[in-house]
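Examining the three-dimensional arrangement
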Amino acid sequence: MASSSEKLLLLLLRQGSCSRADLAKSMHLSRPAVSSLVDGLIRQGILRESGCGVSSGGKPPILLTLEPDRFASIGIDIGHESLLRGVLCNAAGTPVVTREITHDNRFETILEQAARLVGELKDAASAPVCGVGAAIAGQIDHASNEITYCANFPLKRRNFAGLLSERTSLPVLLENRARTAALWEYYFGAAGRTEDFIFISAERGIGTAIYLGGRLLQGRSGAAGEIRTLCVPSPDGRSLLPIEQAMSEKFLLEYAGGNPDAASLAEAWKRREPGAVTAIGYLSDAAAYVITFLTMLLDPAQIVLGGRFRDLGTEFAAGLEARLAVEPVRPLAITISESGRIGAALGAALKVIIENINKETA
């Protein structure tokens, strides 16, 4: 169970800044109890007073924030077929430096380039780096910190975390990339105002993360939320296709015809080119089919769309919302991820920050 200090720090991480009174109200603790916690964390250099808030009639409240420079963390994203993306964040989760580096999708090269990327980001840090989070397009055994499934990259059971740690002299924490992207959306992005949402990302594969009551749904083996084999009607309605195939870039480009990549297809759709309209219409139908199913099953307040859905923007999200067939009808916001292409790496760095907060307050 999380300690009161850990809960307080995670609340500040998500809120950015709070007064002692706000913290007491959110944590259901007395003001003296919160003040005692805060004073101790300030003495440890973990918190700082950052100015005054808006007065509600009396003395303006003093705002508290995390001390951003007490440590740094690094996140890397292994989800693109030829690029590794990396980010250096401060202790408040704010990105400081971003980098990209190429790879050729061989294990040795991915490891070598990941170590190089971490080294560049570590050299750019002005505070001690507490660890590296690696976002992987696959399933992770958290007990052993090992990759147990990875369809598109040669990383399965290769001790990637251990070898990267040896090369960088930093602890390395693995996590599924949809989950790291969803973690960032929960703390800083599109899902910052809800405790119940589903994150769905369509890139080279389909990634999903489910938050209920502010907690990630893990499942018995830690793989809850996988929907890639869930089937949807084919374009002609005569058969079923796994959702990962139906939403794949290759399938949609072939169906549309004449577009070299997903970004070009999105632009063609915005120009209302017929082939692109047909392909994106099918993508919307397939996404609506899946979201309707998940909503009926889990009743989230929000769906956050990442990956190539970002290229389609809010117009696509609004049209998708109109396609849903949820009964009884209920409020459901469909929004676009706010993290951009670096979201999985940001979330991986954030996971390391949260782990370090846990260590600081243990």
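This text gives an overview of the structure that appears in the document. (Residues numbered from 1 in each chain as written. Predicted model: local features only at pLDDT ≥ 70, side-chain atom pairs only at ≥ 80, totals over all residues. Heavy atoms only, no water.)

1. Here we look at the packing of aromatic side chains
What counts is decided by this rule: Two aromatic rings from Phe, Tyr or Trp, using only the six-membered ring of Trp, form a pair when their centres are within 6.5 Å; if the ring planes differ by under 30 degrees the pair is stacked, by over 60 it is edge-to-face, and anything between is tilted. Working definition: with a 1.4 Å probe on protein chains only, accessible area under 20% of the residue-type maximum means buried, over 50% means exposed, and in between means partly exposed.
Applying the stated criterion to the full structure yields 12 aromatic pairs. On the basis of an interplanar angle of 50° and a centroid distance of 6.3 Å, the ring pair of Y187 and F188 is categorised as tilted. Its relative accessible area of 11% is what places Y187 among the buried residues. A centroid spacing of 5.6 Å and a plane angle of 25° characterise the contact between F309 and F316, whose relative ring orientation is stacked.

2. Quick word on the environment of K359
In plain terms, the rule: Counting from the N terminus, the helices are DSSP H or I runs at least four residues long and the strands are E runs at least two residues long.
Within the element layout of this structure, K359 appears in helix α12 (residues 343–360). Sequence separation between K359 and E6 is 353 residues; the distance between their C-alpha atoms is 9.1 Å.

3. Some thoughts on helix α3 (residues 31–43)
To keep things clear, this is the line we draw: Given a helix with a known number of residues, its expected span is that number minus one, times 1.5 Å. A contact between two residues is defined here by any heavy atoms of the two lying within 4.5 Å. Polar contacts here mean pairs of N or O atoms no more than 3.5 Å apart (in protein, one a potential hydrogen donor and the other a potential acceptor; neighbouring residues in sequence count only if both atoms are side-chain atoms).
A rise of 1.5 Å per residue sets the reference length of α3, with its 13 residues, at 18 Å; its end C-alpha atoms lie 18 Å apart and thus fit the reference within 8%. Residues of α3 that are buried make contact with α1 (4–15), α2 (20–27), β2 (47–52) and β3 (62–66). If you check the start of α3, you find a side-chain oxygen 3.2 Å away from the backbone N of A33, and it comes from S30. Note on α3: the residue one or two positions beyond its end, G45, has a positive phi of about 80°.

4. Some remarks on the sheet that holds strand β5 (residues 83–90)
The test is simple: Two strands qualify as a pair provided that DSSP identifies no fewer than 2 bridges between them. Lines fitted to the C-alpha atoms define the axes, with helices restricted to the stretch that makes contact. Angles between their N-to-C directions range from 0 to 180 degrees.
Strand order in the open sheet formed by 5 strands is β6-β5-β4-β7-β10, with mixed pairing between adjacent strands. Two strands bound the open sheet, and with one partner strand each, they are β6 (95–102) and β10 (172–176). Taking the axes of each pair of neighbouring strands and ignoring which way they run, one obtains an average angle of 20° across the sheet. Sheet analysis places strand β4 (residues 72–78) next to strand β7 (residues 129–136), joined by 6 bridges and oriented parallel. Bridge assignment links G75 to a residue of β7, and that residue is G133. In this fold α12 packs onto β4, β5, β6, β7 and β10, with an angle of close to 140° to the strand it touches most, β4.

5. Structural notes on the nonpolar core
Nonpolar side chains in soluble globular proteins generally cluster together in the buried interior. As a reminder, the rule being used: Here, the term nonpolar core denotes a set of buried Ala, Val, Leu, Ile, Met, Phe, Trp, Tyr and Cys residues that are joined through side-chain atoms within 4.5 Å.
Among the nonpolar cores identified, the biggest contains 46 residues, and L8, L13 and L23 are the most heavily contacted of them. With 8 residues, the top contributor of residues to this core is α12. Residues contacting L13, with those up to four places away along its chain left out, are L66, A91, A92, G93, Y187, F188, L350, I353, I354 and I357. Of all hydrophobic cores here, the second largest spans 42 residues; its members include I243, A279, Y282 and A286.

6. A look at the side chain of R85
Turning to its location among the elements, R85 is positioned in strand β5. Judged by relative accessible area, R85 falls into the buried class, the value being 9%. There is a polar contact of 3.2 Å between the side chain of R85 and the side chain of E100. Look past the residues within four positions of R85 in its chain and what remains in contact with it is G75, I76, D77, H80, R99, E100, L117, R341, I342 and A345.

7. Some thoughts on the sheet that holds strand β1 (residues 18–19)
What the 3 strands build is an open sheet, ordered β1-β3-β2; its pairing is antiparallel. The open sheet has two free edges, formed respectively by β1 and β2, since each of these has just one partner strand. Strand direction decides the pairing type here: β2 and β3, joined by 5 bridges, are antiparallel. Residue pairing across strands places R48 opposite T65, the latter belonging to β3. The strands touched by α3 are β2 and β3; relative to β2, the strand with the most contacts, the crossing angle is about 110°.

8. Topic: the pattern of salt bridges
Let me state the cut-off plainly: The working definition used for a salt bridge is a side-chain nitrogen of Lys or Arg within 4 Å of a carboxyl oxygen of Asp or Glu.
Tallying each qualifying case throughout the model produces 21 salt bridges. For the salt bridge of R70 with E360, the shortest nitrogen-to-oxygen distance reads 3.2 Å. Note that R70 is positioned in the loop between β3 and β4 and E360 in helix α12, a separation of 290 residues in sequence. A residue is classified by how much of its surface remains accessible, and E360, at 27% relative accessible area, is partly exposed. Note that E267 and K270 form a salt bridge whose closest N and O atoms lie 3.8 Å from each other. In this pair, E267 and K270 both sit in helix α9 (residues 262–270), 3 residues apart, roughly one turn of the helix. With a relative accessible area of 40%, E267 lands in the partly exposed category.

9. Let's talk about the packing of helix α4 (residues 107–124) against helix α5 (residues 160–168)
Relative orientation and spacing of two packed helices are given, respectively, by the angle between their axes and the distance between those axes. Here is the rule: Working definition: roughly parallel below 35 degrees, roughly antiparallel above 145 degrees, roughly perpendicular at 65 to 115 degrees, and oblique for all remaining angles. Note: crossing handedness is left-handed where the near helix turns anticlockwise from the far helix by less than a right angle, and right-handed where it turns clockwise. Three categories are distinguished: nonpolar for Ala, Val, Leu, Ile, Met, Phe, Trp, Tyr, Cys and Pro, charged for Asp, Glu, Lys and Arg, and polar for the others, with Gly belonging to the last.
Look at α4 against α5: their axes get within 10 Å of each other, and the N-to-C directions meet at 45°. Taken as axis vectors, α4 and α5 run oblique relative to one another. Handedness of the crossing formed by α4 with α5: right-handed. Across from F107, I110, L111, E112, A114, A115, V118 and K122 in α4, the residues of α5 making contact are F160, L163, L164, R167 and T168. For the contact of α4 with α5, the residue count by class is 9 nonpolar, 1 polar and 3 charged.

10. What about the packing of α9 against helix α10 (residues 274–298)?
Interaxial distance between α9 and α10 falls to 8 Å at its minimum, and their mutual angle equals 105°. The orientation of α9 relative to α10 falls into the category roughly perpendicular. For the pair α9 and α10, the contacting residues are L265, A268 and W269 in the first and A276, V277 and I280 in the second. Of the residues assigned to the contact of α9 with α10, the class counts are 6 nonpolar, no polar and no charged.

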